[in-house]
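Chain residues, written in single-letter form:
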Amino acid sequence: MNVLRGYKKDDEDGSGGSPFQGLEKTTVLQEARSFNSNTINARKCAVVLTKILYLINQGTVFSTLEATETFFAITKLFQSKDVTLRRLVYLAIKVMSSMAEDVIIVTSSLTKDMTGKEEMYRAPSIRALCSITDNAMIQAIERYMKQAIVDRNPSVASAALVSAMSILHKGGGEVVKRWVNEAQEAVSSDNIMVQYHALGLLYHLRKHDRLAVSKMVNKLTKSSLRSPYAYCLLIRIACKVLESEERKSESSLYDFLENCLRHKSEMVVYEAARAMVNIDNVTARELQPAVSVLQLFLGSPKPTMRYAAAKTLSRIAMVHPASVTSCNMDLETLITDSNRSIATLAITTLLKTGNENNVERLMKQISSFMTEISDEFKTVVVDAIHSLCLKFPRKHHVLMTFLANMLRNEVTVVQE
(Lines give C-alpha, C1' and ligand atoms only; values in the text may rest on other atoms or scores of the structure.)
Protein backbone atom coordinates (compact mmCIF):
# COMPACT_ATOMS: atom_id res chain seq x y z
CA MET A 1 0.00 0.00 0.00
CA ASN A 2 1.31 3.48 -0.90
CA VAL A 3 0.50 4.75 2.57
CA LEU A 4 3.40 2.88 4.12
CA ARG A 5 5.91 3.47 1.33
CA GLY A 6 7.84 5.85 3.55
CA TYR A 7 8.54 3.02 5.95
CA LYS A 8 9.83 0.65 3.30
CA LYS A 9 13.49 1.63 3.71
CA ASP A 10 13.39 0.94 7.45
CA ASP A 11 11.86 -2.48 6.82
CA GLU A 12 14.53 -3.39 4.29
CA ASP A 13 17.30 -2.31 6.66
CA GLY A 14 15.83 -4.51 9.37
CA SER A 15 16.26 -1.60 11.78
CA GLY A 16 13.23 -2.45 13.92
CA GLY A 17 9.89 -4.14 14.19
CA SER A 18 6.64 -2.37 13.46
CA PRO A 19 6.92 1.20 12.13
CA PHE A 20 4.17 2.11 14.62
CA GLN A 21 5.88 0.65 17.66
CA GLY A 22 5.61 2.90 20.71
CA LEU A 23 2.58 4.84 19.45
CA GLU A 24 0.60 6.72 22.09
CA LYS A 25 -3.15 7.03 21.87
CA THR A 26 -3.26 10.71 22.85
CA THR A 27 -0.77 11.63 20.12
CA VAL A 28 -2.72 9.75 17.46
CA LEU A 29 -6.02 11.31 18.55
CA GLN A 30 -4.45 14.76 18.20
CA GLU A 31 -3.25 13.85 14.71
CA ALA A 32 -6.80 12.75 13.86
CA ARG A 33 -7.90 16.38 14.10
CA SER A 34 -6.45 16.77 10.62
CA PHE A 35 -9.55 14.95 9.35
CA ASN A 36 -11.53 18.16 10.02
CA SER A 37 -9.34 20.32 7.76
CA ASN A 38 -10.96 22.13 4.87
CA THR A 39 -8.35 20.67 2.54
CA ILE A 40 -7.84 16.95 3.08
CA ASN A 41 -4.30 15.58 2.70
CA ALA A 42 -5.15 12.02 1.61
CA ARG A 43 -1.68 10.59 2.30
CA LYS A 44 -1.40 12.11 5.77
CA CYS A 45 -4.95 11.08 6.73
CA ALA A 46 -4.34 7.53 5.48
CA VAL A 47 -1.29 7.21 7.73
CA VAL A 48 -3.25 8.52 10.75
CA LEU A 49 -6.12 6.12 10.02
CA THR A 50 -3.63 3.25 9.80
CA LYS A 51 -2.25 4.25 13.20
CA ILE A 52 -5.76 4.23 14.71
CA LEU A 53 -6.46 0.77 13.29
CA TYR A 54 -3.08 -0.43 14.57
CA LEU A 55 -3.86 0.77 18.11
CA ILE A 56 -7.26 -0.94 18.06
CA ASN A 57 -5.73 -4.20 16.83
CA GLN A 58 -3.14 -4.00 19.61
CA GLY A 59 -5.95 -3.88 22.17
CA THR A 60 -5.78 -0.18 23.03
CA VAL A 61 -9.03 0.83 24.73
CA PHE A 62 -10.87 3.88 23.40
CA SER A 63 -13.48 5.47 25.65
CA THR A 64 -16.95 5.96 24.18
CA LEU A 65 -16.34 9.71 23.91
CA GLU A 66 -12.97 9.26 22.21
CA ALA A 67 -14.35 6.65 19.80
CA THR A 68 -17.39 8.78 18.94
CA GLU A 69 -15.36 11.94 18.31
CA THR A 70 -12.87 10.01 16.17
CA PHE A 71 -15.69 8.28 14.30
CA PHE A 72 -17.37 11.56 13.41
CA ALA A 73 -14.02 13.02 12.32
CA ILE A 74 -13.50 9.99 10.05
CA THR A 75 -16.86 10.61 8.36
CA LYS A 76 -15.48 13.95 7.08
CA LEU A 77 -13.08 11.95 4.90
CA PHE A 78 -15.92 10.94 2.60
CA GLN A 79 -15.18 14.25 0.83
CA SER A 80 -11.93 12.77 -0.51
CA LYS A 81 -11.95 10.83 -3.78
CA ASP A 82 -8.71 8.99 -2.97
CA VAL A 83 -9.43 5.25 -3.34
CA THR A 84 -6.89 4.07 -0.74
CA LEU A 85 -8.15 6.55 1.85
CA ARG A 86 -11.78 5.66 1.15
CA ARG A 87 -11.13 1.95 1.66
CA LEU A 88 -9.40 2.71 4.95
CA VAL A 89 -12.42 4.78 5.96
CA TYR A 90 -14.71 1.79 5.37
CA LEU A 91 -12.44 -0.42 7.47
CA ALA A 92 -12.28 2.17 10.28
CA ILE A 93 -16.08 2.54 10.30
CA LYS A 94 -16.48 -1.23 10.51
CA VAL A 95 -13.98 -1.57 13.38
CA MET A 96 -15.20 1.44 15.38
CA SER A 97 -18.93 0.84 14.94
CA SER A 98 -19.04 -1.20 18.16
CA MET A 99 -17.24 1.51 20.18
CA ALA A 100 -18.84 4.76 19.06
CA GLU A 101 -22.37 6.12 19.42
CA ASP A 102 -24.78 7.33 16.71
CA VAL A 103 -22.86 5.48 13.98
CA ILE A 104 -25.96 5.30 11.79
CA ILE A 105 -25.20 8.84 10.65
CA VAL A 106 -23.05 7.37 7.83
CA THR A 107 -25.81 5.09 6.55
CA SER A 108 -26.75 7.34 3.63
CA SER A 109 -23.11 7.79 2.52
CA LEU A 110 -22.47 4.04 2.65
CA THR A 111 -25.72 3.26 0.80
CA LYS A 112 -24.73 5.74 -1.89
CA ASP A 113 -21.33 4.05 -2.34
CA MET A 114 -22.91 0.60 -2.21
CA THR A 115 -25.17 1.39 -5.17
CA GLY A 116 -22.76 3.69 -6.99
CA LYS A 117 -20.73 3.13 -10.14
CA GLU A 118 -17.31 3.00 -8.48
CA GLU A 119 -16.58 -0.73 -8.26
CA MET A 120 -13.73 -0.26 -5.77
CA TYR A 121 -16.15 1.23 -3.22
CA ARG A 122 -19.06 -1.16 -3.46
CA ALA A 123 -17.82 -4.32 -1.68
CA PRO A 124 -16.17 -2.60 1.34
CA SER A 125 -19.13 -0.22 1.72
CA ILE A 126 -21.48 -3.24 1.96
CA ARG A 127 -19.37 -4.74 4.76
CA ALA A 128 -19.23 -1.43 6.61
CA LEU A 129 -22.95 -0.76 6.18
CA CYS A 130 -23.97 -4.18 7.48
CA SER A 131 -21.69 -3.78 10.50
CA ILE A 132 -23.53 -0.61 11.64
CA THR A 133 -27.04 -1.70 10.67
CA ASP A 134 -29.22 -3.05 13.47
CA ASN A 135 -32.13 -5.45 13.03
CA ALA A 136 -34.66 -2.62 12.83
CA MET A 137 -32.88 -1.06 9.83
CA ILE A 138 -32.15 -4.18 7.80
CA GLN A 139 -35.39 -3.89 5.83
CA ALA A 140 -34.32 -0.46 4.59
CA ILE A 141 -31.34 -2.01 2.74
CA GLU A 142 -32.96 -5.35 1.89
CA ARG A 143 -33.57 -4.47 -1.75
CA TYR A 144 -29.95 -3.40 -2.24
CA MET A 145 -28.64 -6.55 -0.54
CA LYS A 146 -30.71 -8.82 -2.80
CA GLN A 147 -29.32 -7.06 -5.86
CA ALA A 148 -25.76 -7.25 -4.52
CA ILE A 149 -25.95 -11.02 -3.86
CA VAL A 150 -26.57 -11.68 -7.57
CA ASP A 151 -24.28 -8.89 -8.80
CA ARG A 152 -21.99 -9.68 -11.72
CA ASN A 153 -18.98 -8.37 -9.78
CA PRO A 154 -17.72 -11.32 -7.68
CA SER A 155 -16.26 -9.12 -4.92
CA VAL A 156 -19.63 -7.37 -4.48
CA ALA A 157 -21.56 -10.65 -4.41
CA SER A 158 -19.15 -12.23 -1.91
CA ALA A 159 -19.27 -9.14 0.33
CA ALA A 160 -23.07 -9.26 0.32
CA LEU A 161 -23.18 -12.98 1.12
CA VAL A 162 -20.67 -12.72 3.97
CA SER A 163 -22.49 -9.66 5.34
CA ALA A 164 -25.76 -11.57 5.17
CA MET A 165 -24.22 -14.26 7.39
CA SER A 166 -23.10 -11.54 9.79
CA ILE A 167 -26.65 -10.15 9.93
CA LEU A 168 -27.96 -13.68 10.48
CA HIS A 169 -25.71 -14.16 13.50
CA LYS A 170 -26.81 -10.80 14.91
CA GLY A 171 -30.43 -11.96 15.01
CA GLY A 172 -31.70 -10.78 11.64
CA GLY A 173 -32.61 -14.25 10.45
CA GLU A 174 -36.21 -13.49 9.54
CA VAL A 175 -35.13 -10.92 6.95
CA VAL A 176 -32.17 -12.92 5.61
CA LYS A 177 -34.45 -15.94 5.08
CA ARG A 178 -36.19 -13.93 2.37
CA TRP A 179 -32.92 -13.87 0.41
CA VAL A 180 -32.85 -17.64 -0.16
CA ASN A 181 -33.69 -17.40 -3.86
CA GLU A 182 -30.81 -15.01 -4.49
CA ALA A 183 -28.43 -17.23 -2.49
CA GLN A 184 -29.49 -20.28 -4.52
CA GLU A 185 -28.80 -18.35 -7.70
CA ALA A 186 -25.36 -17.41 -6.35
CA VAL A 187 -24.54 -21.10 -5.77
CA SER A 188 -24.59 -21.47 -9.56
CA SER A 189 -22.01 -18.69 -9.96
CA ASP A 190 -18.86 -19.34 -11.99
CA ASN A 191 -16.75 -17.61 -9.33
CA ILE A 192 -15.30 -20.01 -6.76
CA MET A 193 -15.56 -17.64 -3.78
CA VAL A 194 -19.13 -16.54 -4.54
CA GLN A 195 -20.19 -20.18 -4.82
CA TYR A 196 -18.46 -21.02 -1.51
CA HIS A 197 -20.02 -18.09 0.37
CA ALA A 198 -23.46 -18.77 -1.10
CA LEU A 199 -23.35 -22.40 0.04
CA GLY A 200 -22.27 -21.25 3.49
CA LEU A 201 -25.21 -18.86 3.74
CA LEU A 202 -27.70 -21.50 2.57
CA TYR A 203 -26.42 -23.96 5.16
CA HIS A 204 -26.63 -21.45 8.01
CA LEU A 205 -30.19 -20.61 6.99
CA ARG A 206 -31.22 -24.27 7.05
CA LYS A 207 -28.96 -25.92 9.61
CA HIS A 208 -31.73 -26.22 12.21
CA ASP A 209 -33.95 -28.08 9.72
CA ARG A 210 -32.36 -31.50 9.21
CA LEU A 211 -34.69 -32.44 6.34
CA ALA A 212 -33.96 -29.20 4.46
CA VAL A 213 -30.20 -29.69 4.90
CA SER A 214 -30.47 -33.29 3.70
CA LYS A 215 -32.39 -32.22 0.58
CA MET A 216 -29.87 -29.46 -0.15
CA VAL A 217 -26.91 -31.84 0.20
CA ASN A 218 -28.50 -34.53 -1.96
CA LYS A 219 -29.24 -31.97 -4.67
CA LEU A 220 -25.76 -30.44 -4.65
CA THR A 221 -23.93 -33.79 -4.57
CA LYS A 222 -25.57 -34.61 -7.91
CA SER A 223 -24.46 -31.33 -9.47
CA SER A 224 -20.91 -30.28 -10.31
CA LEU A 225 -19.63 -27.42 -8.19
CA ARG A 226 -16.81 -25.36 -9.65
CA SER A 227 -15.37 -24.20 -6.34
CA PRO A 228 -13.03 -26.53 -4.41
CA TYR A 229 -13.85 -24.48 -1.29
CA ALA A 230 -17.55 -25.16 -1.82
CA TYR A 231 -16.78 -28.86 -2.30
CA CYS A 232 -14.89 -28.96 1.01
CA LEU A 233 -17.78 -27.25 2.79
CA LEU A 234 -20.26 -29.61 1.15
CA ILE A 235 -18.20 -32.60 2.34
CA ARG A 236 -18.34 -31.31 5.92
CA ILE A 237 -22.09 -30.72 5.72
CA ALA A 238 -22.56 -34.19 4.18
CA CYS A 239 -20.66 -35.73 7.11
CA LYS A 240 -23.04 -34.08 9.58
CA VAL A 241 -25.99 -35.53 7.68
CA LEU A 242 -24.23 -38.89 7.49
CA GLU A 243 -23.84 -39.01 11.28
CA SER A 244 -27.60 -39.32 11.67
CA GLU A 245 -27.84 -42.30 9.30
CA GLU A 246 -27.51 -45.86 10.59
CA ARG A 247 -25.95 -47.71 7.65
CA LYS A 248 -23.39 -45.10 6.69
CA SER A 249 -21.45 -47.18 4.17
CA GLU A 250 -24.64 -47.88 2.19
CA SER A 251 -25.64 -44.22 2.02
CA SER A 252 -25.46 -42.22 -1.21
CA LEU A 253 -23.48 -39.61 0.75
CA TYR A 254 -20.78 -42.19 1.45
CA ASP A 255 -20.60 -42.79 -2.31
CA PHE A 256 -20.25 -39.02 -2.73
CA LEU A 257 -17.24 -39.03 -0.37
CA GLU A 258 -15.65 -41.85 -2.35
CA ASN A 259 -16.20 -39.95 -5.61
CA CYS A 260 -14.54 -36.87 -4.09
CA LEU A 261 -11.38 -38.97 -3.61
CA ARG A 262 -11.01 -38.76 -7.41
CA HIS A 263 -11.48 -34.98 -7.61
CA LYS A 264 -8.85 -32.94 -9.47
CA SER A 265 -8.27 -30.66 -6.47
CA GLU A 266 -5.92 -32.00 -3.78
CA MET A 267 -7.79 -29.94 -1.21
CA VAL A 268 -11.07 -31.72 -1.96
CA VAL A 269 -9.41 -35.14 -2.07
CA TYR A 270 -7.80 -34.67 1.34
CA GLU A 271 -11.00 -33.28 2.87
CA ALA A 272 -12.92 -36.34 1.63
CA ALA A 273 -10.25 -38.72 2.98
CA ARG A 274 -10.22 -36.97 6.36
CA ALA A 275 -14.02 -37.08 6.48
CA MET A 276 -14.06 -40.83 5.87
CA VAL A 277 -11.50 -41.35 8.63
CA ASN A 278 -13.64 -39.39 11.09
CA ILE A 279 -16.82 -41.38 10.48
CA ASP A 280 -17.95 -43.17 13.64
CA ASN A 281 -17.39 -46.94 13.74
CA VAL A 282 -15.77 -46.99 10.31
CA THR A 283 -14.32 -50.38 9.39
CA ALA A 284 -10.86 -51.15 8.00
CA ARG A 285 -12.38 -52.13 4.65
CA GLU A 286 -14.26 -48.84 4.38
CA LEU A 287 -11.06 -46.94 5.18
CA GLN A 288 -9.04 -48.52 2.38
CA PRO A 289 -9.90 -45.95 -0.35
CA ALA A 290 -8.92 -43.09 1.97
CA VAL A 291 -5.67 -44.82 2.99
CA SER A 292 -4.73 -45.32 -0.67
CA VAL A 293 -5.18 -41.61 -1.39
CA LEU A 294 -3.22 -40.58 1.71
CA GLN A 295 -0.42 -42.92 0.68
CA LEU A 296 -0.10 -40.99 -2.60
CA PHE A 297 0.07 -37.71 -0.68
CA LEU A 298 3.04 -39.01 1.33
CA GLY A 299 5.11 -38.63 -1.85
CA SER A 300 3.82 -35.14 -2.66
CA PRO A 301 6.41 -32.39 -3.29
CA LYS A 302 4.30 -30.09 -1.09
CA PRO A 303 5.26 -30.24 2.62
CA THR A 304 1.68 -29.34 3.65
CA MET A 305 0.29 -32.37 1.84
CA ARG A 306 2.92 -34.70 3.29
CA TYR A 307 2.24 -33.37 6.79
CA ALA A 308 -1.54 -33.67 6.43
CA ALA A 309 -1.29 -37.22 5.09
CA ALA A 310 1.15 -38.33 7.81
CA LYS A 311 -0.98 -36.82 10.56
CA THR A 312 -4.18 -38.46 9.29
CA LEU A 313 -2.49 -41.84 8.85
CA SER A 314 -1.18 -41.52 12.40
CA ARG A 315 -4.77 -41.15 13.61
CA ILE A 316 -5.86 -44.19 11.60
CA ALA A 317 -2.97 -46.22 13.06
CA MET A 318 -4.32 -45.63 16.57
CA VAL A 319 -7.52 -47.56 15.76
CA HIS A 320 -6.72 -49.64 12.66
CA PRO A 321 -2.92 -50.14 12.56
CA ALA A 322 -3.18 -52.99 10.08
CA SER A 323 -4.80 -50.63 7.54
CA VAL A 324 -1.70 -48.44 7.48
CA THR A 325 0.93 -51.18 7.09
CA SER A 326 0.74 -50.81 3.29
CA CYS A 327 2.13 -47.27 3.73
CA ASN A 328 5.18 -48.31 5.78
CA MET A 329 7.63 -48.07 2.87
CA ASP A 330 6.47 -44.53 2.07
CA LEU A 331 6.61 -43.57 5.75
CA GLU A 332 10.17 -44.92 5.95
CA THR A 333 11.27 -42.41 3.30
CA LEU A 334 9.78 -39.54 5.35
CA ILE A 335 11.99 -40.32 8.37
CA THR A 336 14.74 -38.24 6.76
CA ASP A 337 12.36 -35.43 5.71
CA SER A 338 13.82 -31.95 6.28
CA ASN A 339 10.59 -30.98 8.04
CA ARG A 340 11.01 -32.49 11.50
CA SER A 341 7.27 -32.43 12.20
CA ILE A 342 6.69 -34.70 9.20
CA ALA A 343 9.58 -36.95 10.20
CA THR A 344 8.21 -37.26 13.75
CA LEU A 345 4.72 -38.17 12.53
CA ALA A 346 6.22 -40.75 10.14
CA ILE A 347 8.22 -42.42 12.92
CA THR A 348 5.39 -42.43 15.47
CA THR A 349 3.09 -43.95 12.86
CA LEU A 350 5.68 -46.61 12.09
CA LEU A 351 6.01 -47.33 15.81
CA LYS A 352 2.27 -48.07 15.86
CA THR A 353 2.26 -50.21 12.72
CA GLY A 354 5.78 -51.69 12.55
CA ASN A 355 7.03 -55.02 13.82
CA GLU A 356 9.23 -55.84 16.79
CA ASN A 357 12.43 -56.09 14.74
CA ASN A 358 12.24 -52.41 13.66
CA VAL A 359 11.83 -50.90 17.13
CA GLU A 360 15.51 -50.38 17.96
CA ARG A 361 16.30 -48.86 14.56
CA LEU A 362 13.38 -46.44 14.79
CA MET A 363 14.31 -45.40 18.33
CA LYS A 364 17.85 -44.57 17.20
CA GLN A 365 16.57 -42.49 14.32
CA ILE A 366 14.12 -40.47 16.41
CA SER A 367 16.77 -39.87 19.10
CA SER A 368 18.87 -38.01 16.54
CA PHE A 369 16.45 -35.07 16.28
CA MET A 370 14.41 -35.10 19.50
CA THR A 371 15.95 -31.76 20.49
CA GLU A 372 14.75 -30.15 17.25
CA ILE A 373 11.02 -30.85 17.54
CA SER A 374 8.38 -28.99 19.56
CA ASP A 375 6.95 -30.16 22.89
CA GLU A 376 3.67 -31.02 21.16
CA PHE A 377 5.38 -33.65 19.02
CA LYS A 378 7.49 -34.91 21.91
CA THR A 379 4.28 -35.83 23.73
CA VAL A 380 3.12 -37.64 20.57
CA VAL A 381 6.34 -39.66 20.67
CA VAL A 382 5.84 -40.50 24.34
CA ASP A 383 2.28 -41.69 23.69
CA ALA A 384 3.49 -43.87 20.81
CA ILE A 385 6.21 -45.41 22.98
CA HIS A 386 3.68 -46.10 25.73
CA SER A 387 1.57 -48.09 23.26
CA LEU A 388 4.69 -49.84 22.01
CA CYS A 389 5.66 -50.98 25.53
CA LEU A 390 2.31 -52.73 25.83
CA LYS A 391 2.54 -54.21 22.35
CA PHE A 392 6.14 -55.50 22.54
CA PRO A 393 7.00 -56.16 26.22
CA ARG A 394 10.32 -57.80 25.27
CA LYS A 395 11.56 -54.41 23.99
CA HIS A 396 10.83 -52.62 27.24
CA HIS A 397 14.53 -52.16 28.04
CA VAL A 398 15.19 -50.12 24.85
CA LEU A 399 12.00 -48.11 25.27
CA MET A 400 12.52 -47.39 28.97
CA THR A 401 16.09 -46.26 28.30
CA PHE A 402 14.81 -43.81 25.71
CA LEU A 403 12.16 -42.45 28.11
CA ALA A 404 14.73 -42.15 30.90
CA ASN A 405 16.92 -39.99 28.66
CA MET A 406 13.94 -37.77 27.92
CA LEU A 407 13.22 -37.42 31.64
CA ARG A 408 16.73 -36.15 32.20
CA ASN A 409 16.73 -33.68 29.33
CA GLU A 410 13.18 -32.38 28.87
CA VAL A 411 11.22 -31.02 31.84
CA THR A 412 8.13 -30.20 29.76
CA VAL A 413 7.78 -33.81 28.64
CA VAL A 414 8.12 -35.01 32.22
CA GLN A 415 5.07 -32.97 33.10
CA GLU A 416 3.11 -34.73 30.41
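Further up the page is the structure itself.
Note that the structure is predicted; figures quoted are calculated from it, not measured. (Residues numbered from 1 in each chain as written. Predicted model: local features only at pLDDT ≥ 70, side-chain atom pairs only at ≥ 80, totals over all residues. Heavy atoms only, no water.)

Colleague: Just to check I follow, could you spell out the packing of helix α12 (residues 192–206) against helix α13 (residues 210–221) for this structure?
Modeller: The relative placement of two packed helices is expressed as an angle between their axes plus a distance between the axes. For the pair α12 and α13, the least separation of the axes is 9 Å and the interaxial angle reads 155°. One finds that α12 runs roughly antiparallel with respect to α13. Helix-helix and strand crossings are classified by hand; for α12 and α13 the assignment is right-handed. The residues of α13 that touch α12, namely those facing Leu199, Leu202, Tyr203 and Arg206, are Ala212, Val213, Met216 and Leu220. (Axes fitted to C-alpha atoms, helices over the stretch in contact; angles between N-to-C directions. Helix = DSSP H or I, 4+ residues; strand = E, 2+ residues; numbered from the N terminus. Parallel < 35°, antiparallel > 145°, perpendicular 65-115°, else oblique. Left-handed = near helix turned anticlockwise from the far one by under 90°. Contact = heavy atoms within 4.5 Å.)

Colleague: Would you mind showing me how to read the packing of aromatic side chains here?
Modeller: The geometry of an aromatic ring pair comes down to the distance between the two centres and the angle between the two planes. Tallied over the entire structure, the rule returns five aromatic pairs. Pairwise contacts between aromatic rings join Phe78, Tyr90 and Tyr121 into one cluster. Seen from the ring of Phe62, Lys25 lies directly overhead, with NZ or CZ sitting 5.7 Å from the centre. A cation over an aromatic ring shows up here: Arg86 above the ring of Tyr121, its NZ or CZ 4.5 Å from the ring centre. (Phe/Tyr/Trp six-rings, centres within 6.5 Å; stacked < 30°, edge-to-face > 60°. Lys NZ or Arg CZ within 6 Å of the ring centre and 35° of its normal.)

Colleague: Mind showing me how you'd approach the side chain of Ser323 here?
Modeller: With respect to the secondary-structure elements, Ser323 resides in helix α19 (residues 321–324). Aside from chain neighbours lying at most four places away, what touches Ser323 is Ala284, Gln288, Val291 and Ile316.

Colleague: Explain unusual backbone geometry here, please?
Modeller: Residues apart from glycine generally show negative phi values, whereas peptide bonds are mostly found in trans. One non-glycine residue with positive phi stands out, namely Asp102, at about 55°. Looking at the element boundaries, Asp102 is found in the loop between α5 (83–96) and α6 (107–114). Classification of Asp102 as exposed rests on a relative accessible area of 54%. One non-glycine residue, Asn281, adopts positive backbone phi at about 55°. With respect to the element layout, Asn281 can be found in the loop between α16 (266–277) and α17 (284–297). (Buried < 20%, exposed > 50% of the residue type's maximum accessible area, 1.4 Å probe, protein only.)

Colleague: Explain α16 here, please?
Modeller: Every α-helix winds through 3.6 residues per turn, so residues three or four apart in the chain are directed the same way. Taking 1.5 Å per residue, 12 residues should reach 16 Å; α16 reaches 17 Å between its end C-alpha atoms and fits that length. Counting buried residues along α16, nine of its 12 residues qualify, which places the element largely inside the surrounding structure. Residues Val268, Val269, Tyr270, Glu271, Ala272, Ala273, Ala275, Met276 and Val277 constitute the buried set of α16. In the core, the buried residues of α16 are packed alongside α14 (228–243), α15 (252–260), α17 and α18 (303–319). (Expected span 1.5 Å × (residues − 1).)

Colleague: Explain the side chain of Ser314 to me, please; I cannot follow it from the model alone.
Modeller: Relative to the assigned elements, Ser314 resides in helix α18. Note on Ser314: relative accessible area 6%, which makes it buried. When residues no more than four places from it in sequence are discounted, the contact partners of Ser314 are Leu345, Thr348, Thr349 and Lys352.

Colleague: Can you help me understand the pattern of salt bridges in this one?
Modeller: Pairs can form between side chains of opposite charge once their charged atoms are near each other. Under the definition given, this model contains 13 salt bridges. A salt bridge links Arg226 to Asp190; its shortest N-O distance comes to 3.2 Å. Of the two residues, Arg226 sits in the loop between α13 and α14 while Asp190 sits in the loop between α11 (180–187) and α12, which places them 36 residues apart along the sequence. For the pair Arg226 and Asp190, a shared accessibility class is recorded, and that class is exposed. With a shortest N-O distance of 2.9 Å, Arg236 and Glu271 are connected by a salt bridge. (Salt bridge = Lys/Arg side-chain N within 4 Å of Asp/Glu carboxyl O.)

Colleague: What is the right way to look at the environment of Ala140 in this model?
Modeller: Here Ala140 lies in helix α8 (residues 138–149). With 246 residues separating them in the primary sequence, Ala140 and His386 have C-alpha atoms 63 Å apart.

None of this, on its own, says anything about what the molecule does.
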